Amino acid sequence: MAKGNHLFDCYNPPAITFERGEGAYLYTDEGEKYLDFIAGIAVNALGHAPKEIGDAIKDQLDKVWHLSNLFRVPGQETLAKKYCDALPWAEKVFFQNSGTESLELAMKCARRYHFGEGNPERYEIIAFKGAFHGRTFAAVNAAGNPKYLEGFGPALPGFTHLEFGDHDALKAAISGKTAAILIEPVQGEGGVRALPPECLRGLRAMCDEHGILLIYDEVQCGASRTGQIFAHQWVDGGHPDIMAVAKGVGGGFPLGAVITSAAAAKHMVPGTHGTTYGGNPVAMAAGNAVFDKISDPEFLQHVRDISNAFRQSLEGLKDEFPDMIEEVRGKGLLLGLKLAETINNRELRMAVQARKLLVGTAGDNVLRMAPPLIIGEREAREALEILRGGLRDIQEG
Ligand SMILES: *Cc1c(COP(=O)(O)O)cnc(C)c1O
């Protein structure tokens, strides 16, 4: 008997096959064209196959691919300097290959800090319901989503989960055991919810008061997606001690990083952490080239302008379909349509996909959009038309 598909069944992709991408568009092997408003889940910040990044990668491929961290990788030093120059509070960087790895290190770093300061009892990490931090053991335990924990043995100790926005619960949860508070400044998978600026400031003040480290997960909302290089830069006095990034920072090449204050990395001495692939020369070529583009003030202004315009048109769509769209959420080009109970986010995703627009979904019945940051008015208009068409298709049954 013939064997079936040899891939794990964790994903269930549609029958279409994308063969090529250019800018905000993807083309199937049958030549059909799709407008991509999910961009590999907020990864392809500069669109598909951007030439400058591809050229930087190809140049590096002709030189050296991999050294391990037993040897200096000059591209790491260059990129770490770029990140730290952009962030007044930042002093140290460690490169990883993915978001979940960066979260693992961010949490290790926080615990190790308190250990090094003579407070090993401070290991508890406070996180929030609806959060998403990746799929490795510590990451699923940090986020606490029961769906992602089921069947994987006992929950790891040292994590507390609070309702997003419950200030009293947060105050009550803080104790002499608290090592860190972990939060996404703009929650992605949980429902595309942006934390109000006063909350980031409040968290900062609370952490300072109790000697707690503040960890931001900017894996999805970083990399200029909100119109600042990193989302927390919208908020004066709302900076973290430790930040995990990935997704957009590699523009499609696997890359993650942990960026910290000098103090937070102080006890990460030789032997405390390591990686074979992290920060390899090819990833650094990609990361440096991506950063040079996305940190350009004109580029950031473009993201702000196009996201404001697109958001406004989504507000208009909400007024056109008040029974179907309850709220427009998110920040910059990480946007969500919170849908009414009468309509299912997956159903709308399929309806617009049939009309050749790719979008995502998020928790809380939200349709999630994270287009490449290079979209212009034409792509924004086209997406809006397709969304309108999809909503009508469902309305008319
Ligand atoms: C995607 C994501 C992660 C995990 O990143 P991977 O690269 O898939 O491991 C962690 N946190 C947030 C906020 C994410 O969106």
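Each value, and the rule that gives it
Residues numbered from 1 in each chain as written. Predicted model: local features only at pLDDT ≥ 70, side-chain atom pairs only at ≥ 80, totals over all residues. Heavy atoms only, no water. Domains from an automatic or database assignment. Contact = heavy atoms within 4.5 Å. Buried area = accessible area lost by both parts, 1.4 Å probe. Salt bridge = Lys/Arg side-chain N within 4 Å of Asp/Glu carboxyl O. Polar contact = N/O pair within 3.5 Å; in protein donor to acceptor, adjacent residues only side chain to side chain. Helix = DSSP H or I, 4+ residues; strand = E, 2+ residues; numbered from the N terminus. Nonpolar A, V, L, I, M, F, W, Y, C, P; charged D, E, K, R; others polar. Axes fitted to C-alpha atoms, helices over the stretch in contact; angles between N-to-C directions. Parallel < 35°, antiparallel > 145°, perpendicular 65-115°, else oblique. Left-handed = near helix turned anticlockwise from the far one by under 90°. Expected span 1.5 Å × (residues − 1). Buried < 20%, exposed > 50% of the residue type's maximum accessible area, 1.4 Å probe, protein only. Near = heavy atom within 4 Å. Areas by Shrake-Rupley, 256 points an atom, 1.4 Å probe, with all protein chains shown as cover. Pairing = 2+ DSSP bridges.

This part is about the domain arrangement of the protein chain. Taken domain by domain, the protein chain consists of domain 1 (27-50 + 301-396) and domain 2 (52-294). In this assembly, 26 residues from domain 1 lie in contact with 27 residues from domain 2. Summing the contributions of domain 1 and of domain 2, the shared interface buries around 2,100 Å²; its carbon and sulfur component is 63%. For the domain 1 face of the interface with domain 2, the top three residues by lost area are L46, K331 and L334, together amounting to 27%. Joining domain 1 to domain 2, the criterion identifies zero salt bridges. At the surface where domain 1 touches domain 2, the tally comes to 11 residue pairs in polar contact (both at pLDDT 80 or more). Within the residue set of the side of domain 1 that touches domain 2, elements represented by two or more residues are α1 (39-42), α10 (297-320), β13 (325-331), β14 (334-339) and β17 (366-369). Taken together, the residues of the side of domain 1 that touches domain 2 break down into 16 nonpolar, five polar and five charged.

Next up on the list: the packing of helix α3 (residues 74-86) against helix α9 (residues 281-294). Following both chains from N to C, one finds α3 and α9 inclined at 30°, their axes separated by 9 Å at the closest point. One element, α3, and the other, α9, form an angle in the roughly parallel class. Relative to α9, the crossing made by α3 is left-handed. Here G75, Q76, T78, L79, K82, Y83 and A86 of α3 come into contact with α9, specifically with M284, G287, N288, F291 and D292. Taken together, the residues that form the contact of α3 with α9 break down as five nonpolar, five polar and two charged.

Every α-helix winds through 3.6 residues per turn, so residues three or four apart in the chain are directed the same way. Here helix α4 (residues 99-116) contains 18 residues, and its C-alpha end-to-end distance of 25 Å stays within 8% of the 26 Å for a straight helix at 1.5 Å per residue. For α4, the complete set of buried residues consists of G99, T100, S102, L103, L105, A106, M107, C109, A110, Y113 and H114. After α4 finishes, the residue G118 shows a positive phi value of roughly 90°.

This part takes up the site of the ligand. Taken together, S98, G99, T100, F132, H133, G134, E184, D217, V219, Q220 and K247 are the residues near the ligand. Between the ligand and the protein, one listed contact pairs a nitrogen atom with a backbone N or O atom of F132 at 3.2 Å. K247 is positioned with one of its side-chain polar atoms (N or O) 2.6 Å from an oxygen atom of the ligand. Relative to its unbound accessible area of 380 Å², the ligand is 82% covered by the protein chains. Class assignment for the residues of the shell around the ligand results in two nonpolar, six polar and three charged.

Most of strand β7 (residues 178-183) is tucked away: six of the six residues are buried. Where strand β5 (residues 124-128) meets β7, three bridges bridge the pair, whose relative direction is parallel. Across the sheet, residue E124 finds its bridge partner in β7, namely T178. Strand direction decides the pairing type here: β7 and strand β10 (residues 213-217), joined by four bridges, are parallel. Its bridge partner being in β10, I181 is matched across the sheet by L214.

A few words on unusual backbone geometry. Backbone geometry at S68 places phi at a positive 75°, although glycine is not the residue there. Mapped onto the secondary structure, S68 falls in the loop between α2 (51-61) and α3. Given a relative accessible area of 16%, S68 falls into the buried group. Non-glycine residue K356 carries a positive phi angle of around 75°. By secondary structure assignment, the location of K356 is in the loop between α11 (345-354) and β15 (357-358).

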